[in-house]
Amino acid sequence: MNTDVCLCGSGLSYSECCGQFHSGAEIPTTAEALMRSRFSAYALRNVEYLLATWDITRRPKEIDFSKETVEWQRLSIEMIKKGGVKDNKGLVEFKAYYLQDGEEHVMSEISKFTKQGGRWFYLDGVVKSISKANQQINQGKNAPCSCGSGKKFKRCCGVE
């Protein structure tokens, strides 16, 4: 996988961007920065980082990428609500583009973030839609969970 340019879409190199967060040298100071670094972590299958940045009350026991067939390609941030340096909560709406079985798909999600002890954590998210070649396949709580479990969102991270 080419990590010269960070997959999160910042335009920076991986080492100048998400690589600093993944190594522990820096921590994300905004919900958007955490979202971007988590996307890159999914693309690189960095389970340790994903679990460490997931709110403990919602964190799955494990993430198993062994059956993962998705190749994450790029991220597009669509909307940010709060989630700044001085905030304690934030929302980030994004589109994540990926290849599966040689075809491009896009997943649209709204993710919630919370700041605790000066650090941002992913709380949960709602998958708005998953599309293939501009055709809607599935949406909402019946969409595959973005955590990679293979379960529907409503039976995984969407359980309330």
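Residues numbered from 1 in each chain as written. Predicted model: local features only at pLDDT ≥ 70, side-chain atom pairs only at ≥ 80, totals over all residues. Heavy atoms only, no water.

For side chains of opposite charge, pairing can occur when their charged atoms come near one another. Per the stated rule, a full pass over the model turns up 5 salt bridges. Taking the shortest distance from any N to any O, the salt bridge between Asp-124 and Arg-58 comes out at 2.2 Å. Here Asp-124, found in strand β4 (residues 119-132), pairs with Arg-58, found in the loop between α3 (47-52) and β1 (71-82); they are 66 residues apart in sequence, far enough to count as distant. On the basis of relative accessible area, Asp-124 is assigned to the buried category, the value being 10%. Taking relative accessible area as the criterion, Arg-58 reaches 37% and is therefore assigned partly exposed. Glu-93 serves as the salt-bridge partner of Lys-128, at 2.7 Å between the closest nitrogen and oxygen. Highlighted residues: Lys-128 in strand β4 and Glu-93 in strand β2 (residues 89-100), separated in sequence by 35 residues. (Salt bridge = Lys/Arg side-chain N within 4 Å of Asp/Glu carboxyl O. Helix = DSSP H or I, 4+ residues; strand = E, 2+ residues; numbered from the N terminus. Buried < 20%, exposed > 50% of the residue type's maximum accessible area, 1.4 Å probe, protein only.)

This part covers unusual backbone geometry. The backbone phi angle of Arg-45 is positive, close to 55°, even though this residue is not glycine. Its location among the elements puts Arg-45 in the loop between α2 (31-44) and α3. The phi dihedral of Asp-101 falls on the positive side, at around 55°, and the residue is not glycine. Positionally, Asp-101 belongs in the loop between β2 and β3 (103-116).

Right, let's talk about α2 for a bit. If you check α2, its first and last C-alpha atoms are 20 Å apart, about what 14 residues at 1.5 Å a residue would give, namely 20 Å. Most of α2 is tucked away: 12 of the 14 residues are buried. The set of residues buried in α2 consists of Ala-31, Ala-33, Leu-34, Met-35, Arg-36, Ser-37, Arg-38, Phe-39, Ser-40, Ala-41, Tyr-42 and Ala-43. Packing partners of the buried residues in α2 comprise α1 (18-23), α3, β1, β2, β3 and β4. Two residues or fewer past α2, Arg-45 is found with a positive phi of approximately 55°. (Expected span 1.5 Å × (residues − 1). Contact = heavy atoms within 4.5 Å.)

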